[in-house]
Amino acid sequence: DGGITQSPKYLFRKEGQNVTLSCEQNLNHDAMYWYRQDPGQGLRLIYYSQIVNDFQKGDIAEGYSVSREKKESFPLTVTSAQKNPTAFYLCASRDRGVNTGELFFGEGSRLTVL
Amino acid sequence: AQSVTQPDIHITVSEGASLELRCNYSYGATPYLFWYVQSPGQGLQLLLKYFSGDTLVQGIKGFEAEFKRSQSSFNLRKPSVHWSDAAEYFCAVGGNAGKSTFGDGTTLTVKP
């Protein structure tokens, strides 16, 4: 079945450490997105990519980095510069060929900083 | 800038009762509007979407939503709620490059 796979589902990190969250999709979508979700808040856009080897900052990119070397993969690195990294992270993709295309989401990764 | 407001943080309804979740949006052009549902610890699933045409949109799981341009609203409805509908619901407006803006969500509790 086509979909988006995020790993790991749960991750614990010590302060000062970088951590990378994986996102893989087999939907053949060009566009991919990373959102952050905090309790009682909606989703906030961290980074997005519309095509391989190109990506743009979203609303809360500080302290995060991404790469898009392959169409299927869009990993997110949470760096030690991110002041409050504990959150639920959601990866999504979209078919750019559909103007009204909705987002397809992975199951999420919950990061806890100890 | 586009924005979405979901005025109700938490709603409780009895099983079998009707449901309406409110959503108001701000967007300069004709909006693409979405409702998503999220179970605890899971990703989001699309319930329905509106982009043009009939203002009453049917979705999965018996949900529907009505687009009202004059009120900048896109409220979600269901005639009879089931216990399995308990979840968090997000309204979103689609923008450039597919960057959707989400509301803060409404948590639905279903009483037996």
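Summary of the structure given here. (Residues numbered from 1 in each chain as written. Chains lettered and ligands numbered in written order. Predicted model: local features only at pLDDT ≥ 70, side-chain atom pairs only at ≥ 80, totals over all residues. Heavy atoms only, no water.)

Looking at the state of the cysteines
All names here are of chain A.
Part 1 of the argument: Applying the stated criterion to the full structure yields two disulfides over all chains.
Part 2 of the argument: Sulfur-sulfur distance for the disulfide between cysteine 23 and cysteine 91 comes to 1.9 Å. Classification of the bridge connecting cysteine 23 and cysteine 91 rests on its S-S torsion, roughly -75°, and on that basis the disulfide is left-handed. Of this pair, cysteine 23 sits in strand β3 (residues 19-25) while cysteine 91 sits in strand β9 (residues 87-94), placing them 68 residues apart in sequence.
Part 3 of the argument: Given a relative accessible area of 0%, cysteine 23 falls into the buried group. (Disulfide = S-S within 2.5 Å. Helix = DSSP H or I, 4+ residues; strand = E, 2+ residues; numbered from the N terminus. Buried < 20%, exposed > 50% of the residue type's maximum accessible area, 1.4 Å probe, protein only.)

A short note on the interface of chain A and chain B
Part 1 of the argument: The partner chain B presents 20 residues to the 22 residues of chain A that form the contact.
Part 2 of the argument: Summed over both partners, the interface of chain A with chain B buries about 1,700 Å², with 54% contributed by carbon and sulfur atoms.
Part 3 of the argument: A:Glu102 serves as the salt-bridge partner of B:Lys49, at 3.0 Å between the closest nitrogen and oxygen.
Part 4 of the argument: Put simply, chain A and chain B have seven residue pairs in polar contact (both at pLDDT 80 or more) between them.
Part 5 of the argument: Take the side of chain A that touches chain B: its biggest share by element is four residues, from strand β5 (residues 43-51) of chain A.
Part 6 of the argument: For the side of chain A that touches chain B, the per-class residue count stands at nine nonpolar, nine polar and four charged. (Contact = heavy atoms within 4.5 Å. Buried area = accessible area lost by both parts, 1.4 Å probe. Salt bridge = Lys/Arg side-chain N within 4 Å of Asp/Glu carboxyl O. Polar contact = N/O pair within 3.5 Å; in protein donor to acceptor, adjacent residues only side chain to side chain. Nonpolar A, V, L, I, M, F, W, Y, C, P; charged D, E, K, R; others polar.)

A word on the pattern of salt bridges
Part 1 of the argument: For the structure on display, the rule yields eight salt bridges over all chains.
Part 2 of the argument: For the salt bridge of A:Asp38 with A:Arg36, the shortest nitrogen-to-oxygen distance reads 2.8 Å. Taken as a pair, A:Asp38 and A:Arg36 share a single burial class, namely buried.
Part 3 of the argument: B:Arg22 is paired through a salt bridge with B:Asp8; the nearest N and O atoms lie 2.9 Å apart. Linking B:Arg22 in the loop between β3 (19-21) and β4 (24-26) with B:Asp8 in the loop between β1 (3-5) and β2 (10-14), this pair joins segments that are 14 residues apart in sequence.
Part 4 of the argument: One network of salt bridges, with partners in common, ties together A:Arg36, A:Asp38 and A:Arg44.

Some details on the side chain of A:Asp38
Part 1 of the argument: If you trace the backbone, A:Asp38 turns up in the loop between β4 (31-37) and β5.
Part 2 of the argument: Those residues in contact with A:Asp38, other than ones at most four positions away along the chain, are A:Arg44, A:Thr86 and A:Ala87.

Brief notes about the nonpolar core
Part 1 of the argument: B:Leu19, B:Trp35, B:Leu47, B:Leu48, B:Phe74, B:Leu76 and B:Tyr89 are the most contacted members of the largest nonpolar core, which has 26 residues in total.
Part 2 of the argument: Elements that contribute at least two residues to this core include exactly β2, β3, β5 (32-38), β6 (44-50), β8 (64-68), β9 (73-78), β10 (87-94) and β12 (106-111) of chain B.
Part 3 of the argument: Sorting elements by how many residues they give to this core places β10(B) first, with four residues.
Part 4 of the argument: With residues up to four places along the chain from it excluded, the contact list for B:Tyr89 reads B:Gln6, B:Leu21, B:Trp35, B:Tyr36, B:Val37, B:Leu47, B:Phe63, B:Leu76, B:Gly105, B:Thr106 and B:Leu108.
Part 5 of the argument: Among the nonpolar cores identified, the runner-up in size contains 19 residues, and A:Trp34, A:Ile46, A:Tyr47 and A:Tyr89 belong to it. (Core = buried A, V, L, I, M, F, W, Y, C linked by side-chain atoms within 4.5 Å.)

That's the geometry; what it means functionally is another story.
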